[in-house]
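Structure at a glance
Here is how the chains run, residue by residue.
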Amino acid sequence: MNALIKLFHSILPLSDADKALITEHTSLETLRKGEMYCRQGEVCRKMGFVVDGVFKVVRTNEQGNDYILYFTNEGHFVVDLDSFSKQIPGEETIEALTKCTVITMVKKDFDFLEKSVPAFSKIINQIKEKALLEKYKFKSEMLVDDASTKYNKLVQRQATVVQRVPQSQIALFLGITQYTLSRIRAKK
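In this report, we go over the structure that sits alongside the text. Within each chain, residue numbers correspond to sequence positions counted from 1 in written order. Reporting of local features is limited, given that this is a predicted model, to residues whose pLDDT is at least 70; pairs of side-chain atoms are given and counted only at 80 or more, and all residues count toward the totals for whole chains, interfaces and linings. Note: side-chain values were computed over all heavy atoms of the structure, leaving out hydrogens and water.

Some details on the packing of helix 6 (residues 147-157) against helix 9 (residues 178-186)
Working convention: axes come from line fits to C-alpha atoms, limited for helices to the stretch in contact. Angles between N-to-C directions cover 0 to 180 degrees. Labels follow the DSSP assignment, with helices taken as runs of H or I lasting at least four residues and strands as runs of E lasting at least two, numbered in each case from the N terminus. Packing of helix 6 against helix 9 brings their axes to within 10 Å, and their N-to-C directions diverge by 70°. Considering the angle they form, helix 6 stands roughly perpendicular to helix 9. Considering the relative orientation of helix 6 and helix 9, their crossing is right-handed. Each of Ala147, Ser148 and Tyr151 in helix 6 lies in contact with helix 9, whose residues at this interface are Thr180, Leu181, Ile184 and Arg185. Classifying every residue of the contact of helix 6 with helix 9 gives 4 nonpolar, 2 polar and 1 charged. The labels follow the angle: roughly parallel below 35 degrees, roughly antiparallel above 145, roughly perpendicular from 65 to 115, and oblique for the rest. Should the near helix be turned anticlockwise from the far one by less than a right angle, the crossing is left-handed, and should it be turned clockwise, the crossing is right-handed. Whether two residues are in contact is decided by their heavy atoms, any of which lying within 4.5 Å being enough. Throughout, the ten residues Ala, Val, Leu, Ile, Met, Phe, Trp, Tyr, Cys and Pro are labelled nonpolar, Asp, Glu, Lys and Arg are labelled charged, and all others, Gly among them, are labelled polar.

Digging into helix 5 (residues 120-144)
Take the number of residues in a helix, subtract one, and multiply by 1.5 Å to get its expected span. The first and last C-alpha atoms of helix 5 sit 37 Å apart over 25 residues, in line with the 36 Å expected at 1.5 Å per residue. On its buried side, helix 5 packs onto helix 1 (2-11), strand 6 (77-78), strand 8 (100-106), helix 4 (107-116), helix 6 and helix 8 (167-174).

Re unusual backbone geometry
The phi dihedral of Gln87 is positive, around 55°, even though this residue is not glycine. Residue Gln87 is classed as partly exposed on the basis of its relative accessible area of 29%. Burial here depends on accessible area, computed with a 1.4 Å probe over protein chains only, as a share of the maximum for the residue type. Under 20% is buried, over 50% is exposed, and the range in between is partly exposed.

Examining the nonpolar core
Within the largest apolar cluster, 52 residues are counted, with the highest numbers of intra-cluster contacts made by Phe8, Phe55, Phe173 and Leu174. It is helix 5 that contributes the most residues to this core, 6 residues altogether. Only buried residues count toward a nonpolar core, which is a set of Ala, Val, Leu, Ile, Met, Phe, Trp, Tyr and Cys residues joined through side-chain atoms within 4.5 Å.

Digging into the sheet that holds strand 8
Any two strands are treated as partners once DSSP identifies two or more bridges connecting them. The strand order 1-8-3-6 describes an open sheet built from 4 strands, whose pairing is antiparallel. Looking at strand neighbours, the two that pair on one side only are strand 1 (27-31) and strand 6, the edges of this open sheet. Of the pairings in the sheet, the one linking strand 3 (residues 46-52) to strand 8 comprises 6 bridges and is antiparallel in character. Within the sheet, the bridge partner assigned to Lys46 lies in strand 8 and is Val106.

Pasting the structure below:
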């Protein structure tokens, strides 16, 4: 729990009572490789702070094709934010690609902390804003960059993810074939 409290406290100071409330309303959850944190079509009832492991966030279209929106790992949050916030069926599936440890907060505890911890909403809003800007920048670049540049940027930003995720998943995320990815990696 210390990692989450430390992150929150680095954004805005928390009292000891606030820290105790946050600790009381979160739990440590372990997921096996391949286990789902949230499923597309279901309401996402929890959000998590990744302590250890890698997740992929996937959207499946009407034809059944999967598209990896992004990977998330240690020090980041894992949640289908729209589904969690509005309590509506989600458009994303979040799957553990490795064994994962997550500090989880269910919706009712999140709502309680919003009312009980004065700085909580401001902290969450700052985290959401930062994550949104990072994802927007990365996705914008992904639209215009060639395959080699996309891969190099992924390695720069998420080197540990690239080392722990199967090549097939990286290729799917980059929108290229595994053969093309192999050629790019061979040039390094």
